[in-house]
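# Observations on chain architecture
Listed here are the chains, written in short residue letters.
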Amino acid sequence: MGFARTCSVTLVGVEGVVVEVQADLEPGVAAFTLVGLPDKSLTESRDRVRAAVVNSGAEWPQKKLTVGLSPASVPKAGSGFDLAVACAVLGASERIDPRVLADIVMIGELGLDGRVRPVRGILPAVLAAADAGYEQVVVPECAAAEASLVPGVSVLGVRSLRQLIAVLADEPVPDEEPLDEGRPDPLLAGLRVPGAGAATGMHGTHAGHDAGHDLADVVGQIAARTAVEVAAVGGHHLFLEGPPGAGKTMLAERLPGILPRLGREESLEVTAVHSVAGLLPPDKPMIDAAPYCAPHHSATMQSLVGGGHGVARPGAVSLSHRGVLFLDEAPEFGSQALDALRQPLESGHVVIARSAGVVRFPAKFLMVLAANPCPCGRYSLTGDLCECPPSAVRRYQARLSGPLLDRVDLRVEVDRVTRAELVDRGTRGESSATVADRVRAARERATARLAETPWRTNSEVPGRELRSRWQAAPGAMDEAERTLERGALTARGLDRVLRVAWTIADLVGHSRPDATDVALALQLRTGVPRGVPMAIGALT
């Protein structure tokens, strides 16, 4: 009787669980049994592994073979167990020393010819292995760069099962045939799932979305530019309302370009989500820029918050984690899909319950809503050009529910650009680089103030902490409190006004918000003019 064991990882959302792969050989009729709650793709690994072992020059044992995946109570999915199953079988048949396999985590799919193919979720799988105390990981060669992002883990990238057998048996490593120049590598097909990001608008994320998108291209729109800058500093959600062609989409597309670069911890979080979703390109294993996600208004609730049939997949809110989620033509989205955003807006994560278990995805994003004032888009413009009846205007604006808008800190009307502003070149605003420097400096002030807390931006600070530890200047909140008494502001809205006021204070360099900072925050929250200048430079 032969026995061997090694390890692999199964993913539950973006969290990994280390699975022990055990192989047992007994005398009897040749058979291959796989136990341990495998799914269909994992059950099919029996044929893949057998063909890969034989085509790699090793002998397949002609005995009763049982492969167990432990813990058996955790569902296993995917083809990433192939490599571990093959090595466990070879260890049980004494082709490889079983003692060498015991402390190694193996992740990878096997082709019938023995080549090792990449799978989704390499980074979170290696992170789980490192947290469990494992120090050696074997992954496909084309995914070694992604696995090497985890510190304290020795990563071995292999291109074929033959190479891995030679390494583990301390034999000369064979050379694989080089790929012809100019031909695409078929092994890289497993790193990206075709169409996985089509419904989420994940364009330009990894190459740097700010390339070719400069705030200086936006003509006029002083109030909207100020709101975008405040949103970037404090992570506040933004609602842009205005006629078609006023520049709402331009402003949203330029918001990622002024956000600070992601720190290492944030980069690992974002990269893990995109790796699980199959959106991580092989030439850039680490995402260090804020993601930008712009789903079409026909997107379903599952594509926005995550889910789907079988294994739950991350949605647009998770793919925009630590970045920007832009919902253009927001009233055209389904009401059920929009209302599903309420919980992640407050908690910063999404919990998806299925019969097989509960999956949690991170979803701490900056939401930007854009909408026309009415179906024709010309409501309230000079000249009374709107042809929509008042009832149609009310129905259109009511598509965005009050509870959803109450979670939006900044509401700005984007006016139509005039001919004089378009012709006059002197109306060009500041560039993205200039605004990004100011945003970075304001973020540093907020970070210094929140250094000993679990929060990073002003939008994350709870209201009770703002009222007790970081209060505004005496009398600064009087007007906001009177607005609350009149019913024009909710208790949540009052806390959000104070958060925005702190962000404005960080931008202009005040030690704490004064009456002018609170007035501007209140104006940005309610859309009612308060007699304060909208340009940040006028407040310094």
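See above for the structure.
Residues numbered from 1 in each chain as written. Predicted model: local features only at pLDDT ≥ 70, side-chain atom pairs only at ≥ 80, totals over all residues. Heavy atoms only, no water.

### Quick word on the overall build of the protein
- Counting its regular elements, the protein contains 22 helices and 16 strands.
- Taken along its principal axes, the extent of the C-alpha atoms in the protein is 85 × 50 × 45 Å.
- Counting across all 540 residues of the protein, residues that qualify as buried make up 51%.
- Within the protein, residue pairs in contact and separated by at least 24 positions form 72% of the contacts whose partners lie at least 6 positions apart.
- When the accessible surface of the protein is totalled, it reaches about 23,600 Å², and 50% of it is carbon and sulfur.
- Counting 56 positive and 64 negative side-chain charges, the protein places the centres of these two groups 5 Å from one another. (Helix = DSSP H or I, 4+ residues; strand = E, 2+ residues; numbered from the N terminus. Buried < 20%, exposed > 50% of the residue type's maximum accessible area, 1.4 Å probe, protein only. Contact = heavy atoms within 4.5 Å. Areas by Shrake-Rupley, 256 points an atom, 1.4 Å probe, with all protein chains shown as cover. Lys, Arg positive; Asp, Glu negative; His and termini not counted. Charge placed at Lys NZ, Arg CZ, Asp CG, Glu CD.)

### Thoughts on the packing of aromatic side chains
- Overall, the coordinates contain 3 aromatic pairs when judged by the stated rule.
- Plain terms: the ring middles of Trp455 and Trp470 are 6.5 Å apart, the flat faces sit at 80 degrees to each other, and that makes the pair edge-to-face. Within this pair, whereas Trp455 is found in the loop between helix H18 (432-449) and helix H19 (463-468), its partner Trp470 is found in the loop between H19 and helix H20 (478-485), the two being separated by 15 residues in sequence. Of the two residues, Trp455 and Trp470, both sit in the buried class. (Phe/Tyr/Trp six-rings, centres within 6.5 Å; stacked < 30°, edge-to-face > 60°.)

### A few points about the sheet that holds strand S10 (residues 238-241)
- If you trace the 5 strands from one edge of the open sheet to the other, you get S11-S12-S15-S10-S16, paired in parallel fashion. Because the sheet does not close on itself, it has two edges, and the strands there are strand S11 (292-293) and strand S16 (410-413).
- In this structure, S10 lies alongside S16, joined through 4 bridges in parallel fashion. Note that in S16 the partner of Leu238 across the bridge is Leu410.
- Most of the contacts of helix H8 (residues 222-234) go to S16, to which it runs at about 160 degrees, and overall it touches S10, strand S15 (366-371) and S16. (Pairing = 2+ DSSP bridges. Axes fitted to C-alpha atoms, helices over the stretch in contact; angles between N-to-C directions.)

### Topic: the nonpolar core
- With 57 residues, the main nonpolar core has Leu238, Leu240, Leu255, Ile258, Val368 and Leu524 as its most contacted residues.
- Here this core gets 8 residues from one element, more than from any other, and that element is helix H21 (residues 491-508).
- Excluding residues that lie within four positions of it along the chain, Leu255 makes contacts with Val228, Ala232, Val324, Leu366 and Val368. (Core = buried A, V, L, I, M, F, W, Y, C linked by side-chain atoms within 4.5 Å.)

### Brief notes about the environment of Ala147
- Counting through the fold element by element, Ala147 comes out in helix H6 (residues 144-147).
- According to the relative accessible area criterion, Ala147 is buried, its value standing at 0%.
- Placed 20 residues apart in sequence, Ala147 and Leu127 show a C-alpha to C-alpha distance of 8.4 Å.
- Once residues within four sequence positions are removed from consideration, Ala147 is found in contact with Ile122, Val126, Val139 and Val155.

### Here we look at H8
- Over its 13 residues, H8 extends 19 Å from the first C-alpha to the last, a length consistent with the 18 Å expected when each residue adds 1.5 Å.
- Counting buried residues in H8 gives 11 out of 13 residues, a clear majority hidden from the surface.
- Among the residues making up H8, those that are buried are Ala224, Arg225, Thr226, Ala227, Val228, Glu229, Val230, Ala231, Ala232, Val233 and Gly234.
- Within two residues after H8, Gly235 carries a phi angle of roughly 70 degrees, on the positive side. (Expected span 1.5 Å × (residues − 1).)

### Quick notes on the side chain of Ser318
- Note that Ser318 resides in helix H12 (residues 316-319).
- If we ignore the near neighbours within four places in the chain, the residues touching Ser318 are Val273, Phe361, Pro362 and Ala363.

### Focus: a nonpolar patch on the surface
- Judged by side-chain polarity, Leu156, Val167 and Val173 come together as a nonpolar surface patch covering roughly 200 Å² of accessible area.
- Considering the arrangement of structural elements, one finds Val173 in the loop between helix H7 (161-168) and H8.
- Val173 gets classed as partly exposed once you look at its relative accessible area, which sits at 45%. (Patch = residues over 30% accessible without salt bridge, like charges linked within 9 Å, V, L, I, M, F, W, Y side chains within 5 Å. Salt bridge = Lys/Arg side-chain N within 4 Å of Asp/Glu carboxyl O.)

### Here we look at unusual backbone geometry
- Cis geometry marks the peptide bond from Ser70 to Pro71; its omega dihedral reads 10 degrees.
- The residue Pro71 is located in the loop between strand S4 (64-70) and helix H3 (82-92) in this model.
- Located in the positive-phi region is Asp170, a residue other than glycine, with phi close to 60 degrees.
- Locating Asp170 in the fold gives a position in the loop between H7 and H8.

### Some remarks on the state of the cysteines
- Applying the stated criterion to the full structure yields 0 disulfides.
- A disulfide-free cysteine, Cys386 has its sulfur positioned 3.7 Å from the sulfur of Cys374, the nearest such atom. (Disulfide = S-S within 2.5 Å.)

### Some details on the pattern of salt bridges
- Evaluated as defined, the whole model comprises 30 salt bridges.
- A salt bridge links Asp47 to Arg50; its shortest N-O distance comes to 3.3 Å. Separated by 3 residues within a single helix, Asp47 and Arg50 lie in helix H2 (residues 45-55), roughly one turn from each other.
- Among the ionic pairs, Asp217 bridges to Arg254, the shortest N-O distance being 3.4 Å. Remark: Arg254 occurs in helix H9 (residues 248-254) and Asp217 occurs in the loop between H7 and H8; sequence separation between them is 37 residues.
- Judged by its relative accessible area of 33%, Asp217 falls in the partly exposed class.

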